[in-house]
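Each chain, letter by letter, is given below.
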Amino acid sequence: MPKLNIYSIEVLSKKSWVPIGFFLNWKDWKAHPRKSYFYDHKDSDKEKWKYIRVVKDWTLMKRLHIWLWDELSKFDSELPKSINWWVSQKSILNAINIHIRNMDCCFVKSDLSRFFESIPRERTFSLFCKIFNCSKEVSEVLTNCITFPIWPLWSESEEITLARWLHVSSRIAIWASIDFFRLLETKIFENYNELNPRISYYVDDIWISLITSDIPTVNSFVTYLKSFLEKECPNLGFLSLHPKKTEYHFLNTEDNYVDYLWARIYKNHKDVSLKWIQKSLDSTEKASLLKKIISRKQFRMRLKSN
């Protein structure tokens, strides 16, 4: 199991090269000087309460987050192989390639609703304290440095959750929800092994391919998936699958495909998606466009390669 093994603020300061005084200022989340260290990105979706939190450069907070990122990356080898995002030596290609089945199959996709915002402050604190083996004082400080009110940065709210898109948020979110990722994979292989399932996770996206073209079988599987958290994980009530985004697509002809992220997946090959192509054409700045074209051409070559 991953262990940071930090039992005091003094040890935390020495390991992270951040002064003790900084951590003492973050012991009380109600007194956070957040605006001195963070800002809400302009691309935040205010209507859906999805605020993208950004750490200001050249601050002690940035130094702390980079250090914490490096420490958590050491535990990547202990994550399930099906987890592909922000995991060392893995990329979106790992998540896509296992679903090229070279035979008729069904592709089921779903995601976790408001993944980052769904993880309460208490869960993050428990992660540092019980899983990462830190003292309560250290766990409190680290939790305060990565959790925010669900409202804008400057607002006050009793509902505090994991911040979206901070440098460390992805790994914290995965470890805070690790029981779900492990149990879902285990149960699917136990109950549907005859369908030769393959599973990949990419942040909050869940991809499952099954060797079947039978509609009743797939409908039964999707029903099971939608009720999984309630039936199998009652202790993970803070998580929820997005019902409208839980759907399936049959890949049983040469022309059938499913678009996911930047890829188009067929039963026996893959290519970039129309969304990816459109995004490549949207830019109007020539220098930026040229750079993107080169980058995206390289990505397409990697994606289509074996």
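Quick caveat: nothing in here was measured; it's all calculated off a predicted structure.

Caption draft 1: The arrangement of the side chain of E71 in detail. Relative to the elements of secondary structure, E71 occurs in helix 3 (residues 60–73). Judged by relative accessible area, which is 18%, E71 ranks as buried. A polar side-chain atom of E71 sits 3.0 Å from a polar atom in the side chain of K74.

Caption draft 2: Inspection of helix 7 (residues 136–144) at higher detail. Here helix 7 has its buried residues at V138, S139, V141, L142, T143 and N144. Those residues of helix 7 hidden inside the fold are in contact with helix 1 (9–16), helix 2 (20–24), helix 3, helix 6 (121–131) and strand 4 (147–149).

Caption draft 3: Quick peek at the pattern of salt bridges. Taken as a whole and assessed by the stated rule, the structure comprises 13 salt bridges. A salt bridge links E137 to K27, with the shortest nitrogen-to-oxygen separation between them at 2.9 Å. Taken together, the residues span a long stretch of sequence, with E137 in helix 7 and K27 in the loop between helix 2 and strand 1 (38–40) at a distance of 110 residues. E137 gets classed as partly exposed once you look at its relative accessible area, which sits at 32%.

Caption draft 4: Focus on the packing of aromatic side chains. Counted under the stated rule, the structure contains 22 aromatic pairs. Look at F181 and Y201: their rings are 4.7 Å apart centre to centre, the planes differ by 65°, and that puts the pair in the edge-to-face class. Of this pair, F181 sits in helix 9 (residues 178–191) while Y201 is found in strand 6 (residues 198–202), placing the two residues 20 residues apart along the sequence. Taken as a pair, F181 and Y201 share a single burial class, namely buried. For the ring pair Y257 and Y266, a centre distance of 5.6 Å and an interplane angle of 50° mean the geometry is tilted. On the basis of relative accessibility, which here comes to 34%, the residue Y257 falls in the partly exposed class. A network of ring pairs unites the aromatic residues F115, F116, W165, F180, F181, Y192, Y201, F221, Y224 and F228 as a single cluster. Above the plane of the ring of W69 lies R171, whose end atom (NZ or CZ) is 4.1 Å from the centre.

Calculation criteria
Residues numbered from 1 in each chain as written. Predicted model: local features only at pLDDT ≥ 70, side-chain atom pairs only at ≥ 80, totals over all residues. Heavy atoms only, no water. Helix = DSSP H or I, 4+ residues; strand = E, 2+ residues; numbered from the N terminus. Buried < 20%, exposed > 50% of the residue type's maximum accessible area, 1.4 Å probe, protein only. Polar contact = N/O pair within 3.5 Å; in protein donor to acceptor, adjacent residues only side chain to side chain. Contact = heavy atoms within 4.5 Å. Salt bridge = Lys/Arg side-chain N within 4 Å of Asp/Glu carboxyl O. Phe/Tyr/Trp six-rings, centres within 6.5 Å; stacked < 30°, edge-to-face > 60°. Lys NZ or Arg CZ within 6 Å of the ring centre and 35° of its normal.

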